[in-house]
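So the chains spell out like this:
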Amino acid sequence: GAVVSQHPSWVICKSGTSVKIECRSLDFQATTMFWYRQFPKQSLMLMATSNEGSKATYEQGVEKDKFLINHASLTLSTLTVTSAHPEDSSFYICSARAGGPGTDTQYFGPGTRLTVL
Amino acid sequence: KQEVTQIPAALSVPEGENLVLNCSFTDSAIYNLQWFRQDPGKGLTSLLLIQSSQREQTSGRLNASLDKSSGRSTLYIAASQPGDSATYLCAVSRQGGKLIFGQGTELSVKP
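Residues numbered from 1 in each chain as written. Chains lettered and ligands numbered in written order. Predicted model: local features only at pLDDT ≥ 70, side-chain atom pairs only at ≥ 80, totals over all residues. Heavy atoms only, no water.

Undergrad: I'm lost on the interface of chain A and chain B in this one. Help?
TA: By a widespread convention, an interface's size corresponds to the accessible area lost as its parts come together. Facing 20 residues of chain A, the contacting portion of chain B comprises 21 residues. Summed over both sides, the interface between chain A and chain B buries roughly 1500 Å², with carbon and sulfur atoms accounting for 48% of that surface. Across the chain A-chain B interface, the total number found is 2 salt bridges. For the salt bridge of Lys41 of chain A with Glu106 of chain B, the shortest nitrogen-to-oxygen distance reads 3.3 Å. Taken together, chain A and chain B are joined by 5 residue pairs in polar contact (both at pLDDT 80 or more). (Contact = heavy atoms within 4.5 Å. Buried area = accessible area lost by both parts, 1.4 Å probe. Salt bridge = Lys/Arg side-chain N within 4 Å of Asp/Glu carboxyl O. Polar contact = N/O pair within 3.5 Å; in protein donor to acceptor, adjacent residues only side chain to side chain.)

Here you go:
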């Protein structure tokens, strides 16, 4: 089956630093990747939609200058949390979809736990 | 704006019981509805996907139904096992593949 990996699985950083999270589709080409964040005991909230070779589309209320998304290839998307602060501490999950908008299945990565001190 | 609600937020049952998890959504114009499982600190595992034109889907001990007109879906788990303990999330899909998630039901199946 389709596999999506994330790296790192967890990261602890100091306030003010930037953190990059990678999302890779290991055995398929992902034309679209999605980034979600999840606070403890809460559901997943969509942050942005990333299409290969184009700028990401951010959901309302998500700061695009703070959460930089790059989807440079069909197997890799990155999320960079710039100037991280403690309130950015969360569980970040990506998903990848092969094919166009008519394709239903999204494959989820295992998530990255970010803790900002 | 689409809102997805899951009831109950938490459920504890003894092993062997059949149980039902509920999901409701406010906008019936959905593309599909999916049920996921999430173990603590882990990503999501897709359980069942129901297209908007379908009424139900089955996989093993799991059965999911969809009533789009009333904005409801249920996930039925038969003969529950301790290994079924996890958080169950439902999500509706809109145009472009974006998923709107409910808050989840935390299930605990006790031996």
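Undergrad: Mind showing me how you'd approach the packing of aromatic side chains here?
TA: By convention here, two paired aromatic rings are described through the distance between centres and the angle between planes. For the structure shown, the criterion picks out 7 aromatic pairs over all chains. When the ring of Tyr36 of chain A is compared with that of Phe108 of chain A, the centres are 5.8 Å apart and the planes differ by 40°; the resulting orientation is tilted. Here Phe108 of chain A lies in strand β10 (residues 106-108) and Tyr36 of chain A lies in strand β4 (residues 32-38), a separation of 72 residues in the sequence. Assessed through its relative accessible area of 11%, Phe108 of chain A is described here as buried. Members of the aromatic cluster, connected to one another through ring pairs, are Tyr36 and Phe108 of chain A together with Phe36 and Phe101 of chain B. (Phe/Tyr/Trp six-rings, centres within 6.5 Å; stacked < 30°, edge-to-face > 60°. Helix = DSSP H or I, 4+ residues; strand = E, 2+ residues; numbered from the N terminus. Buried < 20%, exposed > 50% of the residue type's maximum accessible area, 1.4 Å probe, protein only.)

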